[in-house]
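# Summary of the model geometry
One letter stands for each residue in the lines below.
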Amino acid sequence: MKSHTRVLVIGGGVVGCSVLYHLAKAGWTDITLIERAELTAGSTWHAAGGFHTLNGDPNVAKLQQYTVELYREIEALSGQSCGLHLTGGVMLAGTKERMDWLKMAHAKGRYLGMHTEIISAAEAKKLMPLIDEKQFAGAMYDPLEGHLDPYGTTHAYAKSAKLKGADIVLRNRVVDMSQREDGTWDVATEQGNIHAEHVVNCGGLWARECGRMVGLELPVLAMEHMYFLTEDMPEVAEINASTGKEVITALDFEGEIYMRQERGGMLLGTYEQACKPWSERETPWDFGQNLLEPDLDRIAPSLEVGFRHFPAFENAGIRRVINGPFTFAPDGNPLVGPIRGLRNYWVACGVMAGFSQGGGVGLALSNWMVHGDPGFDVWGMDVARYGDWTTLTHTNAKVRENYARRFRIRFPNEELPAARPFRTTPVYDRLIDHNAVFGDMCGLEHALWFAPSKAEAKDDFSFSRSNDFPHIAAESAAVREGVGLLEISNFAKYEISGKGADAWLDKLLPNRLPARGRMVLTPMLNENGMLIGDFTLAREADDRFWVFGSGLAEQYHMRWFQAHLPDSGVTLRAHGLDLVGLQIAGPKSRELITRLVHEDLSKEAFPFMAFGRFNVGIIPAIVGRVTYTGDLGYELWVKPEHQRALFDFLMKEGADLGLKLFGGRALNSLRLEKSFGSWSREYRPIYTPWEAGLERFVSTQKPDFIGRDAMLKARDAGPVRKLATFVVDALDADVIGDEPIWRDGKVVGWVTSGGYAHHSKASVALGYVEAAAFDAGAPYEIEIIGERRGAKMAAEPLFDPKGLRMRG
Ligand SMILES: Cc1cc2nc3c(=O)[nH]c(=O)nc-3n(C[C@H](O)[C@H](O)[C@H](O)COP(=O)(O)OP(=O)(O)OC[C@H]3O[C@@H](n4cnc5c(N)ncnc54)[C@H](O)[C@@H]3O)c2cc1C
């Protein structure tokens with residue numbers, strides 16, 4: 001083994017080998033993969049080898065599509081067969097809701113260039129004769145489905161990487177590692193030490209243990225998973241003979257079953273409800289290529305459904321049962337990327353579908369390492385979507401929930417119940433007293449809407465408008481007509497101070513910095529001029545700033561901030577729940593706050609985008625005159641010990657003004673009619689500020705900031721697509737996000753978010769449209785649950801286009 005390597009990849013499963021291959025392909029050839037035992041010795045060797053492109057997140061689906069298309073490339077390069085069977089497959093819907101879900105998945109796939117088809121149950125039967133079509137409402141056919149040989153595929157990646165210069169060391173466990181001052185790593189292995197510039201944790205079943213070597217507790221957990229192989233089945237032989245082809249793969253959502261042909265019989269696997277974690281706290285290092293004890297009783301309920309849906313199985317003998325462990329992150333998507341605060345340490349783990357996702361994961365990670373950017377929208381699998389707030393037991397509960405729901409529908413208004421409440425703010429009980437229905441954001445409870453009674457305080461899950469609709473309407477009306485109160489503790493708040501703060505922020509952000517006591521809105525760009533953040537930036541003093549942004553992206557942004565922080569002169573602090581917030585918004589909000597403060601808060605003395613620190617009642621608060629509702633309003637930030645008292649003061653003083661609590665869903669309704677974009681929806685790293693309509697928040701006059709050159713190039717080249725607001729001719733269902741936008745019979749864009757704007761009485765969609773097809777007067781259509789609805793592009797925000805209300 002050599003003593004130095006540019007990159008050390010830990011783990012020779014399908015993911016580690018894919019990362020190795022993609023790094024080598026990108027031209028980094030001084031790279032080494034170290035494997036504890038043999039290649040595939042973790043969860044890879046006993047996988048069923050199925051692959052598909054379907055994923056709830058279209059960006060992850062795109063990477064799955066890439067993975068499937070990659071196999072021919074590595075086969076040709078390595079001469080090693082992947083044992084590819086591209087059979088195509090059907091996803092079978094047993095209910096109308098599932099059929100709706102498939103129609104939406106099909107619609108999403110359309111703008112990604114996928115070629116799925118919605119078919120009837122009878123058509124599905126023709127393609128997959130083993131089904132009893134009476135059990136199904138219909139299906140989706142995907143030509144890019146099939147199965148492969150896990151061993152051959154892993155070796156094809158490995159051989160291709162080796163041909164490009166990569167090293168692979170087998171039977172050598174990485175036992176420890178420590179970081180040098182310069183950020184490189186000394187890695188201790190059973191065969192000696194190796195110095196690496198970068199380390200990539202592809203430890204699979206042992207990813208947690210590899211993380212713990214550097215003090216990291218990764219939110220992954222292994223689950224037991226079973227599939228069985230049948231004896232040869234005459235029905236299979238008959239299909240093979242009559243079609244000349246093998247039986248296509250099938251996925252039965254109601255039975256929670258997947259299946260494919262294996263030799264003359266079938267392979268059937270299931271995501272059972274009574275699921276079982278494996279090695280919950282620690283994975284034993286001596287776990288070899290072992291299998292776990294099968295437990296057919298656990299999967300019996302699924303099998304019962306399976307036998308009904310696929311009658312031929314009833315007479316089939318079981319040849320072998322496989323029970324093996326593999327890892328999941330709490331939301332079932334991979335954990336990929338650099339770790340905040342750990343220079344040159346990368347992860348690619350929690351990959352639960354290595355043969356659908358491994359290629360995309362390898363490509364994204366290698367791009368990130370080599371070019372500084374994953375090159376795709378990888379938010380759905382970025383490790384930064386989790387943070388220090390997770391615990392081993394929280395992960396355990398969420399992974400079990402996710403596993404058991406693997407084939408269940410998640411409705412757009414459905415909040416998942418496991419491990420809740422987990423993080424709460426001091427006003428949580430107050431909000432419960434007012435019948436709040438809560439959502440979970442990074443484990444934090446936040447109010448979505450308020451019901452008139454305890455009994456009504458729950459969501460009826462639906463793709464259409466639901467029981468919250470009239471209550472959100474009332475909350476929106478309170479804000480637009482009087483005054484509303486919203487908890488905003490789930491925003492991220494960062495404090496930046498020190499003599500270097502001004503210069504650092506000036507370089508980091510493309511907008512001009514505000515004057516003392518003022519705020520500005522500003523995006524943040526990466527080196528490629530793409531959007532990686534949108535913030536409110538306030539200057540409290542010459543050397544003290546506050547940045548407010550998406551709470552969802554706190555880890556993501558902190559990773560970027562820390563990576564760009566100078567060695568001295570700037571102190572950066574993410575306040576998390578050390579600072580909590582309440583917001584009052586609406587035309588009567590000034591009157592309310594004026595009752596509680598001594599300062600002059602008139603329009604002249606404390607105008608729109610003013611920022612200050614004063615007492616509200618008896619409580620010290622940081623106050624900004626801005627709200628995301630697009631109305632007159634104030635954000636009030638206080639220490640947690642003051643939040644309940646502040647809440648009580650505001651409720652009491654606001655009573656005669658008609659003060660009403662509102663939640664996140666009303667906020668969404670209000671921001672939509674103002675055409676305000678939101679992070680992770682309209683603003684993501686695949687858009688430029690010109691495309692996202694944020695050009696007025698970047699200062700092209702500023703000589704030097706990150707992403708300036710690329711951003712100016714993008715401006716000169718013209719936008720590829722542009723963000724637009726649409727009013728949709730919807731019936732009783734509004735857009736959710738990711739629906740295709742049609743013009744003249746062609747898909748010309750996609751929806752990023754939407755919903756019903758109650759005050760404007762309009763179904764609104766925000767979305768990106770190809771620049772060439774962007775025409776305010778043109779007739780558009782947006783697909784909602786498989787039906788194209790007419791949509792009109794709005795030339796300006798539906799509510800208060802001149803912004804008089806918020807400036808008032
Ligand atoms: C029963 C079953 C059926 C499945 N079916 C499918 C399927 O049909 N389709 C699909 O896509 N996926 C399937 N999977 C999931 C699939 O197996 C995983 O997604 C995939 O194996 C993950 O690969 P990995 O490389 O991340 O992890 P692993 O395969 O676990 O690889 C990690 C490697 O790292 C090595 N390692 C760990 N720590 C160290 C260390 N300190 N030093 C050196 N080496 C180390 C290990 O020895 C191991 O080889 C199935 C899984 C199971 C259990």
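Keep in mind it's a predicted model, so treat the numbers as computed, not measured.

Viewed as axis vectors pointing N to C, helix α12 (residues 469-481) and helix α17 (residues 664-672) meet at an angle of 60 degrees, and their least axial separation amounts to 9 Å. Regarding the angle of α12 to α17, the classification is oblique. As α12 runs across α17, the sense of the crossing is right-handed. The residues of α17 that touch α12, namely those facing Ile472, Glu475, Ser476, Val479 and Arg480, are Arg665, Ala666, Ser669 and Leu670. Here the residues of the contact of α12 with α17 sort into four nonpolar, two polar and three charged.

Here we come to the environment of threonine 627. Residue placement: threonine 627 occurs in the loop between β30 (619-624) and β31 (633-638). Classification of threonine 627 by relative accessible area gives buried; the value is 5%. In contact with threonine 627, other than residues within four places in its own chain, are Gln583, Ile584, Ala585, Gly633, Tyr634, Glu635 and Phe676. Reaching out from threonine 627, the side chain makes a polar contact with the side chain of threonine 629 at a distance of 2.4 Å.

Next up on the list: the pairing of strand β34 (residues 740-743). Alternating positions in β34 separate into two faces, Pro740 and Trp742 on one and Ile741 and Arg743 on the other, with burial throughout. Sheet topology note: the β34/strand β35 (residues 746-757) ladder contains four bridges and is antiparallel. Counterpart to proline 740 in the pairing with β35 is tryptophan 750. Two successive antiparallel strands, β34 and β35, enclose a turn made up of two residues, where aspartate 744 displays a positive phi of approximately 50 degrees. Sheet topology places β34 next to strand β37 (residues 780-784); two bridges connect them, and they run antiparallel. Residue tryptophan 742 lies in a different strand from β37, and its bridge partner there is glutamate 781.

The UniProt record annotates "domain: FAD dependent oxidoreductase" (unreviewed entry) at residues 6-367. Overall, residues 6-367 shows 31% helix and 28% strand. The separation of its end C-alpha atoms is 15 Å.

To continue, consider the site of the ligand. Inspection of the region around the ligand gives 39 residues, with Glu35, Thr44, Gly50, Val351 and Gly354 positioned closest. Taking glutamate 35, its side chain carries an N or O atom lying 2.7 Å from an oxygen atom of the ligand. In this structure, an oxygen atom belonging to the ligand sits 2.8 Å away from a main-chain N or O atom of glycine 354. Across the shell around the ligand, the residue classes tally to 20 nonpolar, 16 polar and three charged.

The next thing to look at is the pattern of salt bridges. This model, assessed by the stated rule, comprises 46 salt bridges. Between glutamate 401 and lysine 398 there is a salt bridge whose closest N-O contact spans 3.0 Å. Pair noted here: glutamate 401 and lysine 398 are both in helix α10 (residues 392-404), with a separation of three residues, about one helical turn. Each of the two residues, glutamate 401 as well as lysine 398, counts as buried. The partner of aspartate 656 in a salt bridge is arginine 595, and the shortest N-O contact between them spans 2.7 Å.

We now examine the packing of aromatic side chains. Evaluation of the coordinates by the stated rule reveals 32 aromatic pairs. Ring centres of phenylalanine 51 and tyrosine 71 lie 6.0 Å apart, and the angle between their planes is 50 degrees; on these two criteria the pair is classed as tilted. In this pair, phenylalanine 51 is assigned in strand β3 (residues 50-51) and tyrosine 71 in helix α2 (residues 58-78), connecting sequence segments 20 residues apart. Plain terms: the ring middles of phenylalanine 535 and phenylalanine 561 are 5.9 Å apart, the flat faces sit at 45 degrees to each other, and that makes the pair tilted. Residue phenylalanine 535 is found in strand β25 (residues 531-541), and its partner phenylalanine 561 is found in helix α14 (residues 554-563); the two are separated by 26 residues along the sequence. Each of the two residues, phenylalanine 535 as well as phenylalanine 561, counts as buried. Chaining the aromatic ring pairs together yields one cluster made of Trp101, Phe253, Tyr258, Tyr271, Phe326, Phe328, Tyr403 and Phe407. One residue, arginine 6, lies across the ring of tryptophan 28, its end atom 3.7 Å from the ring centre.

So, about the UniProt feature "transmembrane region" (unreviewed entry) in the protein. Following the UniProt record, one finds the feature "transmembrane region" (unreviewed entry) at residues 7-24. For the annotated span residues 7-24, helix accounts for 61% and strand for 22% of the residues, and the straight-line distance between the end C-alpha atoms is 10 Å.

Backbone hydrogen bonds are what pair the strands of a sheet, in a parallel or an antiparallel way. An order of β29-β30-β31-β28-β22-β32 is seen for the six strands of this open sheet, with the pairing classed as mixed. Because the sheet does not close on itself, it has two edges, and the strands there are β29 (611-616) and β32 (660-661). Relative to β31, strand β28 (residues 580-585) is paired through six bridges, and the arrangement is antiparallel. Note on β31: the bridge partner recorded for alanine 585 is glycine 633. The sheet strands contacting helix α16 (residues 640-654) are β22 (484-487), β28, β29, β30, β31 and β32, and the helix crosses β28 at an angle near 20 degrees.

It is worth spelling out the side chain of glutamate 35 at this point. Relative to the elements of secondary structure, glutamate 35 occurs in the loop between β2 (31-34) and β3. Of the side chains bearing the opposite charge, arginine 36 lies closest to the buried glutamate 35, which forms no salt bridge; the N-O distance is 4.4 Å. With near-sequence residues (within four places) excluded, glutamate 35 lies in contact with Gly11, Gly12, Gly13, Ala41, Val169, Leu170, Arg171 and Asn172.

The rules behind each value
- Residues numbered from 1 in each chain as written.
- Predicted model: local features only at pLDDT ≥ 70, side-chain atom pairs only at ≥ 80, totals over all residues.
- Heavy atoms only, no water.
- Axes fitted to C-alpha atoms, helices over the stretch in contact; angles between N-to-C directions.
- Helix = DSSP H or I, 4+ residues; strand = E, 2+ residues; numbered from the N terminus.
- Parallel < 35°, antiparallel > 145°, perpendicular 65-115°, else oblique.
- Left-handed = near helix turned anticlockwise from the far one by under 90°.
- Contact = heavy atoms within 4.5 Å.
- Nonpolar A, V, L, I, M, F, W, Y, C, P; charged D, E, K, R; others polar.
- Buried < 20%, exposed > 50% of the residue type's maximum accessible area, 1.4 Å probe, protein only.
- Polar contact = N/O pair within 3.5 Å; in protein donor to acceptor, adjacent residues only side chain to side chain.
- Pairing = 2+ DSSP bridges.
- UniProt positions renumbered as here; feature names shortened; annotations may be inferred.
- Near = heavy atom within 4 Å.
- Salt bridge = Lys/Arg side-chain N within 4 Å of Asp/Glu carboxyl O.
- Phe/Tyr/Trp six-rings, centres within 6.5 Å; stacked < 30°, edge-to-face > 60°.
- Lys NZ or Arg CZ within 6 Å of the ring centre and 35° of its normal.
- Lys, Arg positive; Asp, Glu negative; His and termini not counted.

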